[in-house]
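Take a look at the letters that make up each chain.
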Amino acid sequence: MNDVPASKMSFTPGVLIRYSPLLILALAWETASRLHLVSSLALPPLTDVAQAWIELIQSGELVSNGLSSLYRAGAGLALAIIAGGALGIFMAVSRPVNTALGPLVELFYPMPKSALIPVTVLWLGFGDGSKILLIFLGCMLPVTIGAYNGARGSDQHLIWSARSMGADRLRMIFDVVVPSALPELLNGIRTALALSFILLVSSELIVARQGFGYLIGYLGANGSYEAMFAVVLTVAFIGFLADRIYQTIVERALRWRT
Amino acid sequence: MSDPAQIIVNDVCHHYRPAVGREVLALENVSLNVREREFLALLGPSGCGKSTLLYLIGGFLPIETGRILVDGKPVAGPGPDRGIVFQNFALFPWKTVRRNVLYGLERQALPRRERETRAQAFIDLVGLTGFEDSYPSQLSGGMKQRVAIARTLAFEPRMLLMDEPFGALDAQTRSLMQGELLAIWEKTRKTVIFVTHDVHEAVYLAERVAVMTARPGRIKTVVDTRFDKAGPEVHRSKMFVDKVEEVWNLVRDEAVKALEKKPP
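Bear in mind the structure is a predicted one, so any value in this text is a computation, not a measurement. (Residues numbered from 1 in each chain as written. Chains lettered and ligands numbered in written order. Predicted model: local features only at pLDDT ≥ 70, side-chain atom pairs only at ≥ 80, totals over all residues. Heavy atoms only, no water.)

Visitor: Teacher, can you tell me more about the overall build of chain B here?
Guide: Regarding its fold elements, chain B presents seven helices and ten strands. Computed over C-alpha atoms, the radius of gyration of chain B comes to 19 Å, within 12% of the 18 Å expected from 2.2 N^0.38 for 264 residues, which places it in the range of a compact globule. Considering only contacts in chain B between residues 6 or more positions apart, those separated by 24 or more positions represent 69%. Accessible surface, chain B: about 12,000 Å² in total, of which carbon and sulfur atoms supply 52%. Of the charged side chains in chain B, 37 are positive and 33 negative, and the gap between their average positions amounts to 4 Å. (Helix = DSSP H or I, 4+ residues; strand = E, 2+ residues; numbered from the N terminus. Rg over C-alpha atoms; globule rule 2.2 N^0.38 Å. Contact = heavy atoms within 4.5 Å. Areas by Shrake-Rupley, 256 points an atom, 1.4 Å probe, with all protein chains shown as cover. Lys, Arg positive; Asp, Glu negative; His and termini not counted. Charge placed at Lys NZ, Arg CZ, Asp CG, Glu CD.)

Put into structure tokens, the structure is as follows:
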């Protein structure tokens, strides 16, 4: 019971202890590199990486590329949540929709979405559009499946109760089916959130003129390994932060369960 | 006895259609009249279709053959004239007690103040004052069922359909809730159809007990159970014991049959 919930975290000794392995890892990294236990090309010292990070911030490169990436991930994810959530709910409440689209979802779900990178580029070119479409396509189905499974678990008696209290079918879907689907829907969105970062960076690595992935690839190709590591760590940290923020939102939204 | 019937069930048959296996005849030629302001218990062994009959009256299941009239009109779906209370409470788990009770009222064209006053009155009526902002998960079974009853009473249905509402409660809570329900019914005088498999509960609560047969469910007979039920000693009175005996004898054969028909 002494576990600190994610949302209540602040800079207390507990947090320090919790993340101390990270600190140890950072020290090990620095030491290994400084003592030339590993090649400083393969693993530049962390302090040099930090120096490169500051330079990247000062030049504005990290911010402009980062904003571009966040816009792509945010837009793709938002579209995926809206379309995927709606699709899952509709499939759960309508047998015809389920019959028509169920097999498509099953077929498309296990497909590795990174295979679509060249396809979306072919359709929408090198800019934001192709990345947004890729993230949208890749992130939609986990949301759909979460929404569908959650909605299918709606309590029949609660549906009937709402109907008998004067809710029409549409009202009932919003008041009973959607909230019933929420816990699993939110789980699906968490999966989608992680997927969106993967798809974002891999598509930008392959074909892009801006973004985190582009920057990583560009710096790596030019031998600026300190800066490359700085961007990689930035992406990792943003991913971690996004997940943490998301978990806090979920905890709030599902407060009624405790 | 001269009151006109408010609910008329006429020659209704119903089949269960399980996802796998063949269909089963659940109700066979059921006919039943329920008078306005009457408290009627539907009593029968488990699996006899008594809940199915209640759901048909509620408009939750489609009527296959026969007719069900409520206030002279054929049932064509659920409506706020018939409030329902389920054994599993069926509360909105994401809504507080207050929001649960307000739900039916929000579907009506009432001013906000009026809705809130009414919701509070019914929360008070079932003894949940002080728990308005609790979520269902924070309440005991008995309290949850009180919320469900308050929620159903609040939008003032003319009929109450109760599907083994106290079946999930422990014996003491059940007994308390029976007393409270009777008090509420005497105050509000709604038509009540109360599904149960508990003979004592049926005899204690209802004015008439409709005994159903084992599957396929039919109405075997309807027993008049009106007598003086006031006072704490009613469960030991001769009248009560005799009525329970009479009804139990009618149900026993069906319960045995139901047991024999249970799939292994």
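From this point, the discussion proceeds with the structure in view.
Visitor: What's the story with the interface of chain B and chain A in this structure? I'm lost.
Guide: When the parts of a complex come together, some accessible area is lost, and that lost area is often used as the size of the interface. With 23 residues of chain B at the interface, the matching set in chain A holds 20 residues. At the junction of chain B and chain A, the tally comes to zero salt bridges. Joining chain B to chain A, the criterion identifies four residue pairs in polar contact (both at pLDDT 80 or more). In terms of residues, the side of chain B that touches chain A owes the most to one element, strand 6 (residues 82-86) of chain B, which gives three residues. Residue composition of the side of chain B that touches chain A, by class: 15 nonpolar, five polar and three charged. (Salt bridge = Lys/Arg side-chain N within 4 Å of Asp/Glu carboxyl O. Polar contact = N/O pair within 3.5 Å; in protein donor to acceptor, adjacent residues only side chain to side chain. Nonpolar A, V, L, I, M, F, W, Y, C, P; charged D, E, K, R; others polar.)

Visitor: Looking at this structure, how should I read the sheet that holds strand 1 (residues 5-16) of chain B?
Guide: Sheets are built from strands paired through backbone hydrogen bonds, the pairs being either parallel or antiparallel. Residues and elements named next belong to chain B. Spatially, four strands are ordered 2-1-4-5 in an open sheet, and the strand pairing comes out antiparallel. Edge positions in the open sheet fall to strand 2 (24-35) and strand 5 (73-74), since each of these has one partner strand only. Of the strand pairs in this sheet, strand 1 and strand 4 (residues 65-70) are connected by five bridges, and their pairing is antiparallel. Within the sheet, the bridge partner assigned to Ile8 lies in strand 4 and is Leu69. In this fold helix 1 (residues 50-58) packs onto strand 1, strand 2 and strand 4, with an angle of close to 120° to the strand it touches most, strand 1. (Pairing = 2+ DSSP bridges. Axes fitted to C-alpha atoms, helices over the stretch in contact; angles between N-to-C directions.)

Visitor: How should I be thinking about the confidence of the model for chain B in this particular structure?
Guide: Low-pLDDT portions of the prediction should not be read for the details of their coordinates. Looking at chain B, pLDDT values average 91 and 97% of them are 70 or higher. Taken together, the chains of this predicted complex give a pTM of 0.87 and an interface ipTM of 0.92. (pLDDT = per-residue confidence, 0-100.)

Visitor: Help me understand helix 5 (residues 171-188) of chain B, please; the structure alone is not making it clear to me.
Guide: What sets the pattern is the α-helix's 3.6 residues per turn: residues three or four places apart point alike. Residue and element names in this part refer to chain B. With 18 residues, helix 5 ought to run about 26 Å at 1.5 Å a step, and its terminal C-alpha atoms sit 25 Å apart, in line with that. The set of residues buried in helix 5 consists of Thr173, Met177, Gln178, Leu181, Leu182, Ile184 and Trp185. Considering only its buried residues, helix 5 is in contact with strand 3 (39-43), helix 3 (112-125), helix 4 (141-154), strand 7 (159-163), strand 8 (191-196) and helix 6 (199-205). Once helix 5 finishes, Arg189 follows within two positions and takes phi at roughly 50°, a positive value. (Expected span 1.5 Å × (residues − 1). Buried < 20%, exposed > 50% of the residue type's maximum accessible area, 1.4 Å probe, protein only.)

Visitor: Looking at this model, I keep getting lost on the sheet that holds strand 6 of chain B. Mind explaining?
Guide: Residue and element names in this part refer to chain B. Strand order across the open sheet formed by six strands is 6-7-8-3-9-10, with mixed pairing between neighbours. Strands with a single pairing partner mark the edges of an open sheet, and in this sheet they are strand 6 and strand 10 (219-224). Each adjacent strand pair in this sheet contributes to an overall mean axis angle of 15°, direction not counted.

Visitor: Hey, could you run me through the packing of helix 3 (residues 46-59) of chain A against helix 4 (residues 61-93) of chain A in this one?
Guide: Residue and element names in this part refer to chain A. Close contact between helix 3 and helix 4 brings their axes to 4 Å; oriented N to C, the two are set at 75°. In terms of their interaxial angle, helix 3 and helix 4 are classed as roughly perpendicular. Facing Trp53, Leu56, Ile57 and Ser59 of helix 3, the residues of helix 4 in contact are Glu61, Leu62 and Val63. (Parallel < 35°, antiparallel > 145°, perpendicular 65-115°, else oblique.)

Visitor: Before we go on, may I ask you to explain helix 10 (residues 212-221) of chain A in this structure?
Guide: Residue and element names in this part refer to chain A. Phe212, Gly213, Leu215, Ile216, Leu219 and Gly220 are the residues of helix 10 that are buried. All buried residues of helix 10 fall inside an arc of 165° around its axis, so they share one side. Looking at the buried positions of helix 10, the neighbouring elements they touch are helix 3, helix 4, helix 9 (169-206) and helix 11 (225-253). In the stretch just after helix 10, Gly223 is the one whose phi turns positive, near 80°. (Arc of directions from axis to C-beta.)

Visitor: Would you mind going over the pattern of salt bridges with me for this structure?
Guide: Side chains that differ in charge, positive against negative, can pair when their charged atoms come close. Applying the stated criterion across every chain yields a total of 28 salt bridges over all chains. Between B:Arg82 and B:Asp81 there is a salt bridge; the shortest N-O distance is 3.1 Å. Classification of B:Asp81 by relative accessible area gives partly exposed; the value is 24%. Overlapping salt bridges, with partners in common, bring together A:Glu30, A:Arg34 and A:Asp48 in one network.

Visitor: Would you explain unusual backbone geometry in this entry?
Guide: What is expected of a backbone is that most residues other than glycine have negative phi and most peptide bonds are trans. A cis amide bond links B:Arg215 to the next residue, B:Pro216, at an omega of -5°. With respect to the secondary-structure elements, B:Pro216 resides in the loop between strand 9 (208-212) and strand 10. Of note in this structure, A:His36 is not a glycine but carries a positive phi near 60°. Position of A:His36 among the secondary structure elements: in the loop between helix 2 (20-34) and helix 3. In this structure, B:Arg189 takes a positive phi of about 50° despite not being glycine.

Visitor: Can you walk me through the packing of aromatic side chains in this structure?
Guide: Any aromatic ring pair is given by two values, namely how distant the centres are and how the planes are angled relative to each other. Counted according to the given criterion, the structure contains 16 aromatic pairs over all chains. Note on A:Phe237 and A:Phe240: the rings are 6.3 Å apart at their centroids and 35° apart in plane angle, and the pair reads as tilted. Note that A:Phe237 and A:Phe240 are positioned in helix 11 at a spacing of three residues, about one turn of the helix. Residue classification places A:Phe237 among the partly exposed positions, given a relative accessible area of 48%. Over the ring of B:Phe92 we find B:Lys95; its NZ or CZ atom is 5.4 Å from the centre of that ring. Stacked on the ring of B:Tyr103, the Lys or Arg B:Arg107 has its end atom at 4.5 Å from the ring centre. (Phe/Tyr/Trp six-rings, centres within 6.5 Å; stacked < 30°, edge-to-face > 60°. Lys NZ or Arg CZ within 6 Å of the ring centre and 35° of its normal.)

Visitor: Can you walk me through the pairing of strand 1 of chain B in this structure?
Guide: Working note: regular strand, side chains alternate between the two faces of the sheet. Relative to strand 2 of chain B, strand 1 of chain B runs antiparallel, the two being bridged by eight bridges. Counted as the bridge partner of B:Val9 is B:Leu32 from strand 2 of chain B.

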